[in-house]
Amino acid sequence: MEGIDKKFPGVQALSKCRFDLRAGEVHALVGENGAGKSTLMKILTGVYSKDNGKIFYKGKEVNILSPKMAQELGISMIHQEFNLIPHLTVAQNIFIGREIRKGIGFILDEKEINKRTEEILKNMNLNVDPCTKVMNLTVAKQQMVEIAKALSYNSEVLIMDEPTGALTESEIEELFRIINQLRQKGVGIVYITHRMEEIKKIADRVTVLRDGQYIGTADVKDISIDQIIKMMVGREIYETSQISTSDNDEREIVLEVKNLKRGNVIKDVSFKLRKGEILGIAGLMGAGRTEVARAIFGADPLDSGEIYVKGKRVHIKSPKDAISHGIGYLSEDRKRYGLVLDMDVELNIVLASLERFKGLLGWVKRDKTKSESQMRVDELKIKTPSLQQKVKFLSGGNQQKVVIAKWLTQDSDILIFDEPTRGIDVGAKNEIYKLLNELTRRGKSIIMISSELPEILRMSHRIIVMCEGRVTGELSAAEATEERIMYYATKRE
Ligand SMILES: Nc1ncnc2c1ncn2[C@@H]1O[C@H](COP(=O)(O)OP(=O)(O)OP(=O)(O)O)[C@@H](O)[C@H]1O
Ligand SMILES: [Mg+2]
């Protein structure tokens, strides 16, 4: 790809951008949120048209006009936003648009697509029933189905846009195994990621974009992560120091949960959250952390257990109840629960707190919603041409920042952050860490669920660890190490 320009209303997403891919290499494509990574690859796959520039495929100039055309050439993309259709089965999703038909009839051969899907999944060592509806799968499993779908096209170029965002350690290992297999077969793989350590682990070369421009390409073995980060942000980043952890035990308990139980996902969970603290919840994917968060937030019903807010027993039956008790929840699956994609940035930010912006007659005060949402946009450095941009047009990471902005505006005393920095670039990650610290200084209490141990260790005053629906350990910031956390995270009953 050479000299690629792309302008969206109000945004020059790419200017004179370039990229090249060799057969049999894994080429990492990195850059801050909004740098233009997804856009560049969507141009390559015919999702967007370019304003200028040329694309050469196997030495010949090509004009890729549609995703179908890209697919026929052998170029597939696994998108950052899932494109699966929730009420169709896994097999139907994989074979959509090229259903195998029986004989002369027009009846979809369910049996055949199920059989073929089973083969693909088996090849990936993936334990999913082809007949399951996609909406009943976890985010991680949906992601794997996306990969299976791309693989089913026998692509020669495979683009993965942040594929590990929602995967467990073992699923990531599995994915890397598949990537290595494909590399050996000569498939060229574009790998978009915000996790710097993955570049070292899986990629042969790395290309950096910044503000829609090409910054450079290097062999991974010749470049350090620090150098890559510097190319990405164009400046040095200073890490926020670890937070102080003194006199934590004397602070007021703002939230206490006792013996929470729900089905076999939450077996027995009790813990306390103190004012102004960040309580980290560590554990492997599937340990039940998100389920606990959802239960406290009233998104799922509990079978039994008690919840106390500032010492008073509360009965939370719905998210609305939770919000009225001052509890906010930033869900891990932002697309599904956090945003209204067709609404603009401003409305998404103020939506959960409209009451606060109403005047005497119940009218929403637009000047207030405007100034407050503008403040959040500045504070979180959300990259958007205006407050009136629909959130579906923001880059993935910037959409996540909008969800964070929404809960900050809600002004809840207790905030549950589920994987708050997933998909967020290194620079913005630091901004979010600073913000969490700032919130605790303002007296907010935070529960932070994270699968990234360095993040948990750096941010938490106290850490509880879960395994298979139970709390298996508690560590103070001083005691906590990766090894200790992993010990409890794998401690089965
Ligand atoms: N369909 C669209 N309409 C308008 N603007 C868009 C559209 N798609 C992307 N943009 C804008 O183009 C710029 C580049 O976005 P892109 O999604 O390519 O970033 P990215 O590098 O993939 O970021 P992230 O790491 O957050 O996913 C951003 O400013 C984004 O808001
Ligand atoms: Mg993107």
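All values reported here derive from a predicted model rather than from experimental measurement.

Chemist: Please explain the overall build of the protein chain as it appears in this structure.
Modeler: The number of helices and strands found in the protein chain is 17 helices and 20 strands. The C-alpha radius of gyration computed for the protein chain amounts to 23 Å, which stays within 12% of the reference 23 Å derived for 493 residues, consistent with globular compactness. Each principal axis of the C-alpha atoms in the protein chain carries an extent, and together these give about 70 × 55 × 50 Å. A total of 493 residues make up the protein chain; the buried ones form 42% of that total.

Chemist: Just checking my understanding: could you explain the domain arrangement of the protein chain for this structure?
Modeler: Interfaces are often sized by the accessible area lost when the parts come together. Domain annotation for the protein chain reports domain 1 (2–233) and domain 2 (248–489). Each partner contributes to the interface: domain 1 provides 20 residues, whereas domain 2 provides 20 residues. Residue assignment for the side of domain 1 that touches domain 2 shows that the elements contributing at least two residues are α5 (139–151) and α8 (225–233). A per-element tally of the side of domain 1 that touches domain 2 places α8 first, with three residues. Looking at the side of domain 1 that touches domain 2 residue by residue, the classes come out as eight nonpolar, eight polar and four charged.

Chemist: What is the right way to read helix α1 (residues 37–44) from this model?
Modeler: Given 3.6 residues per turn, any residue in an α-helix points the same way as the ones three and four places further on. Burial of α1 is extensive: eight of the eight residues sit out of reach of the surface. Along α1, the residues that are buried comprise Lys 37, Ser 38, Thr 39, Leu 40, Met 41, Lys 42, Ile 43 and Leu 44. A positive backbone phi angle near 75° is found at Gly 46, which sits one or two residues after α1.

Chemist: In this structure, what is going on with unusual backbone geometry? I would like to understand it.
Modeler: A negative phi holds for most residues other than glycine; trans holds for most peptide bonds. Phi is positive for Lys 16, which is not a glycine, with a value near 50°. Topologically, Lys 16 is positioned in strand β2 (residues 11–17). The phi torsion at Glu 468 lies on the positive side, around 50°, for a residue other than glycine. For Glu 468, the position within the fold is in the loop between β19 (462–467) and β20 (470–476). Given 18 C-beta atoms within a 10 Å radius, Glu 468 is considered partly exposed.

Chemist: Looking at this structure, I do not really get the site of ligand 1. What am I missing?
Modeler: The full set close to ligand 1 counts 20 residues, and Phe 8, Ser 38, Thr 39, Ser 395 and Gly 397 are the nearest of them. When residues of the shell around ligand 1 are traced back to their parent elements, those giving at least two are β2, α1 and α14 (396–410). Looking at the shell around ligand 1, its residues break down into six nonpolar, eleven polar and three charged. Built from parts of two domains, the shell around ligand 1 gets at least three residues from each of domain 1 (2–233) and domain 2 (248–489).

Chemist: Is there a simple way to explain the pairing of β19 in this structure?
Modeler: The side chains of a regular strand alternate, residue by residue, between the two faces of the sheet. Summarising burial for β19: six of the six residues are buried, a large majority. Summarising the sheet, strand β13 (residues 278–283) and β19 pair through five bridges and their orientation is parallel. Among the inter-strand pairings, Gly 283 is bridged to a residue of β19, identified as Met 466. Pairing of β19 with β20 involves six bridges; the strand directions are antiparallel. Looking across to β20, one finds that Arg 462 is bridged to Ser 476. Counted between consecutive antiparallel strands, the loop separating β19 from β20 contains two residues, among which Glu 468 sits at a positive phi close to 50°.

Chemist: I'm lost on the sheet that holds strand β8 (residues 188–192) in this one. Help?
Modeler: Whenever strands of a sheet pair, they do so through backbone hydrogen bonds, lying parallel or antiparallel. An order of β6-β7-β8-β3-β9-β10 is seen for the six strands of this open sheet, with the pairing classed as mixed. For this open sheet the edge positions go to β6 (75–78) and β10 (213–219), each flanked by a neighbour on one side alone. Ignoring strand direction, the axes of neighbouring strands in this sheet form an average angle of 20°. Pairing analysis gives four bridges linking strand β3 (residues 26–30) to strand β9 (residues 205–210), with the strands arranged parallel. By the bridge assignment for β9, Val 30 is matched with Val 208. Its contacts with the sheet place α1 against β3, β6, β7 (157–161), β8 and β9, and it is angled at close to 150° to β7. This element, helix α6 (residues 169–184), spans β3, β7 and β8 of the sheet and lies at about 145° to β8.

Chemist: Sorry, what's going on with the sheet that holds strand β4 (residues 52–57) here?
Modeler: Read across the open sheet, the four strands follow the order β2-β1-β4-β5; overall the sheet is antiparallel. A single partner strand is all that each edge strand has here, and the edge strands are β2 and β5 (60–62). Each adjacent strand pair in this sheet contributes to an overall mean axis angle of 35°, direction not counted. The sheet contact formed by strand β1 (residues 2–8) and β2 spans four bridges and is antiparallel.

Chemist: What am I meant to see in the nonpolar core here?
Modeler: Burial of nonpolar side chains together is a common tendency in soluble globular proteins. Counting 64 residues, the largest nonpolar core has Ile 296, Val 402, Ile 416, Ile 447, Ile 463 and Val 465 as the members making the most contacts within it. The element contributing the most residues to this core is α14, with six residues. Once you skip the residues sitting within four places of it in the chain, Val 465 turns out to touch Ala 282, Gly 283, Thr 472, Gly 473, Ile 485, Tyr 488 and Ala 489. Val 26, Ile 78, Ile 159 and Val 187 belong to the second-largest nonpolar core, a separate cluster that totals 54 residues.

Chemist: Teacher, can you tell me more about the environment of Lys 383 here?
Modeler: With respect to the helices and strands, the residue Lys 383 is situated in the loop between α13 (366–379) and α14. It is 9.8 Å that separates the C-alpha atoms of Lys 383 and Val 11, two residues lying 372 residues apart in sequence. With near-sequence residues (within four places) excluded, Lys 383 lies in contact with Asn 33, Gly 34, Ser 395 and Asn 398.

Chemist: Whenever I open this one, the environment of Gly 188 confuses me. Can you help?
Modeler: Examined against the element boundaries, Gly 188 turns out to sit in strand β8. Gly 188 sits 59 residues away from Asp 129 along the chain, and the two C-alpha atoms are 29 Å apart. What Gly 188 contacts, discounting residues up to four positions off in sequence, is Leu 21, Arg 22, Ala 23, Gly 24, Glu 25, Glu 156 and Val 157.

Chemist: Sorry if this is basic, but what is going on with helix α4 (residues 110–123) here?
Modeler: With 14 residues, α4 should cover 20 Å at 1.5 Å per step; its first-to-last C-alpha distance of 20 Å lies within 8% of that length. Three or more residues of α4 are buried, namely Ile 113, Thr 117 and Leu 121. With its buried residues spanning 70° around the axis, α4 presents them on a single face. Across from the buried face of α4, at angles greater than 90 degrees, the exposed residues are Lys 111, Glu 119 and Lys 122. Buried residues along α4 sit in contact with α3 (90–94) and α5. Asn 125 occupies a position one or two residues after α4 and carries a positive phi of about 60°.

So, how was this worked out
Residues numbered from 1 in each chain as written. Chains lettered and ligands numbered in written order. Predicted model: local features only at pLDDT ≥ 70, side-chain atom pairs only at ≥ 80, totals over all residues. Helix = DSSP H or I, 4+ residues; strand = E, 2+ residues; numbered from the N terminus. Rg over C-alpha atoms; globule rule 2.2 N^0.38 Å. Buried ≥ 20, exposed ≤ 12 C-beta atoms within 10 Å, placed from the backbone. Domains from an automatic or database assignment. Contact = placed C-beta atoms within 7 Å. Nonpolar A, V, L, I, M, F, W, Y, C, P; charged D, E, K, R; others polar. Near = placed C-beta within 6 Å. Pairing = 2+ DSSP bridges. Axes fitted to C-alpha atoms, helices over the stretch in contact; angles between N-to-C directions. Core = buried A, V, L, I, M, F, W, Y, C linked by C-beta atoms within 7 Å. Expected span 1.5 Å × (residues − 1). Arc of directions from axis to C-beta.

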